[in-house]
Amino acid sequence: MTTTAPSASSRLRASAWPLAAAAGTGAVVLALHLRDPHVQNSWGVCPLYAATGLYCPGCGGLRAVNDVTNGDFLAALGSNALIYPAGAVLVWLWLGWLGRRAGFSVPAVPQNKYLWITVGVLTLVWTVARNFPGSPLAP
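Every value quoted in this text rests on a predicted model; they were computed, and no experiment measured them.

Trainee: Any chance you could explain the packing of aromatic side chains here in plain terms?
Mentor: The description of two aromatic rings rests on the distance between their centres and on the angle between their planes. Enumeration according to the criterion identifies 1 aromatic pair in this entry. Judged by centre distance (5.1 Å) and plane angle (10°), the rings of Tyr 49 and Tyr 55 are stacked. By relative accessible area, Tyr 49 is classed as partly exposed at 36%. Over the ring of Trp 43 we find Arg 35; its NZ or CZ atom is 5.8 Å from the centre of that ring.

Trainee: Explanation requested: unusual backbone geometry in the structure shown.
Mentor: Notably, Asn 41 is not glycine yet its phi reads approximately 65°, a positive angle. Among the structural elements, Asn 41 can be located in the loop between α2 (16–34) and α3 (47–52).

Trainee: Sorry, what's going on with the side chain of Asn 80 here?
Mentor: Considering the arrangement of structural elements, one finds Asn 80 in the loop between α5 (73–79) and α6 (83–102). Among the polar contacts listed, one links the side chain of Asn 80 to the backbone nitrogen of Leu 82, at a separation of 2.9 Å. Excluding residues within four positions of it along the chain, Asn 80 makes contact with Pro 57, Gly 58, Cys 59, Gly 60, Gly 61, Ala 64, Trp 126 and Arg 130.

Trainee: Help me understand α6, please; the structure alone is not making it clear to me.
Mentor: Think of an α-helix as turning once every 3.6 residues; residues three or four places apart then point the same way. Across its 20 residues, α6 extends 28 Å between first and last C-alpha, which sits within 8% of the 28 Å expected from 1.5 Å per residue. If you check which residues of α6 are buried, you get Ile 83, Gly 96, Leu 98, Gly 99 and Ala 102. Looking at the buried residues of α6, the elements they touch are α1 (8–14), α2, α4 (61–69) and α5. Backbone geometry just downstream of α6 places Gly 103 in the positive-phi region, at approximately 85°.

Trainee: Looking at this structure, how should I read the layout of surface pockets?
Mentor: Space left empty within the atom packing is revealed by a probe, the size of a water molecule, rolled over the atoms. Of the volumes computed, that of the largest pocket is approximately 600 Å³. The wall of the largest pocket is formed by 22 residues, among which Thr 25, Val 29, Val 65, Gly 87 and Leu 90 lie closest to the centre. Listed by contribution, the elements that provide at least two residues to the lining of the largest pocket are α2, α4 and α6. Looking at the lining of the largest pocket residue by residue, the class counts come to 15 nonpolar, 7 polar and no charged.

Trainee: So what exactly am I meant to see when it comes to the packing of α2 against α4 here?
Mentor: Packing of α2 against α4 brings their axes to within 8 Å, and their N-to-C directions diverge by 85°. What the angle tells us is that α2 and α4 run roughly perpendicular. Along the contact surface, α2 presents Val 29, Leu 32 and His 33, while α4 presents Leu 62, Val 65, Asn 66 and Thr 69. Counted by class, the contact of α2 with α4 contains 4 nonpolar, 3 polar and no charged residues.

Trainee: How should I be thinking about the environment of Trp 92 in this particular structure?
Mentor: By the secondary structure assignment, Trp 92 is in helix α6. Judged by relative accessible area, Trp 92 falls into the partly exposed class, the value being 36%. As for Trp 92 and Val 109, which are separated by 17 residues in sequence, their C-alpha atoms are 8.6 Å apart. For Trp 92, the contacting residues outside a window of four places in its chain are Ala 108, Val 109, Pro 110 and Trp 116.

Trainee: Sorry, what's going on with the nonpolar core here?
Mentor: The nonpolar side chains of a soluble globular protein tend to be buried with one another. Counting residues in each nonpolar core, the largest one holds 5 residues, listed as Leu 32, Ala 64, Val 65, Ala 76 and Ile 83. Apart from the residues lying within four places of it in its own chain, the contact partners of Ile 83 are Gly 61, Ala 64, Val 65, Val 68 and Ala 76.

Parameters at a glance
Residues numbered from 1 in each chain as written. Predicted model: local features only at pLDDT ≥ 70, side-chain atom pairs only at ≥ 80, totals over all residues. Heavy atoms only, no water. Phe/Tyr/Trp six-rings, centres within 6.5 Å; stacked < 30°, edge-to-face > 60°. Buried < 20%, exposed > 50% of the residue type's maximum accessible area, 1.4 Å probe, protein only. Lys NZ or Arg CZ within 6 Å of the ring centre and 35° of its normal. Helix = DSSP H or I, 4+ residues; strand = E, 2+ residues; numbered from the N terminus. Polar contact = N/O pair within 3.5 Å; in protein donor to acceptor, adjacent residues only side chain to side chain. Contact = heavy atoms within 4.5 Å. Expected span 1.5 Å × (residues − 1). 1 Å grid on protein atoms, 1.4 Å probe; cavity = no way out; pocket = protein on both sides within 12 Å on 5 of 7 lines; lining within 4 Å. Points joined across faces, edges and corners; volume = space filled by probe spheres on them. Nonpolar A, V, L, I, M, F, W, Y, C, P; charged D, E, K, R; others polar. Axes fitted to C-alpha atoms, helices over the stretch in contact; angles between N-to-C directions. Parallel < 35°, antiparallel > 145°, perpendicular 65-115°, else oblique. Core = buried A, V, L, I, M, F, W, Y, C linked by side-chain atoms within 4.5 Å.

In structure tokens form, the structure reads like this:
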């Protein structure tokens, strides 16, 4: 029995959704680069912060993306230190999605529930720590 490898066009068709997600993400990153979120209310206000006065784990994320696109990597840490680990995880998940859709053998996303519980707990600790009065982690 012989198996034939998928053609380039079928791989491209199968990869349409991951590639569309990448294009959409690129458009959002470009918009964040062009319209500075450091200007107050230029992108609106975080709904959680507006309702409760508390910072969510993503607060400062728009400013951090803008800082990264401007090459100011330390300022991005000051805006939201989760930008780098979250970005790495999202790229990793996207590459896995793209690889599976295109028919390549890629390492699976770990199904270890303790890994994901740890990620959730660390995000919760981050959120609580940045909401203490005078916290240096606040955006």
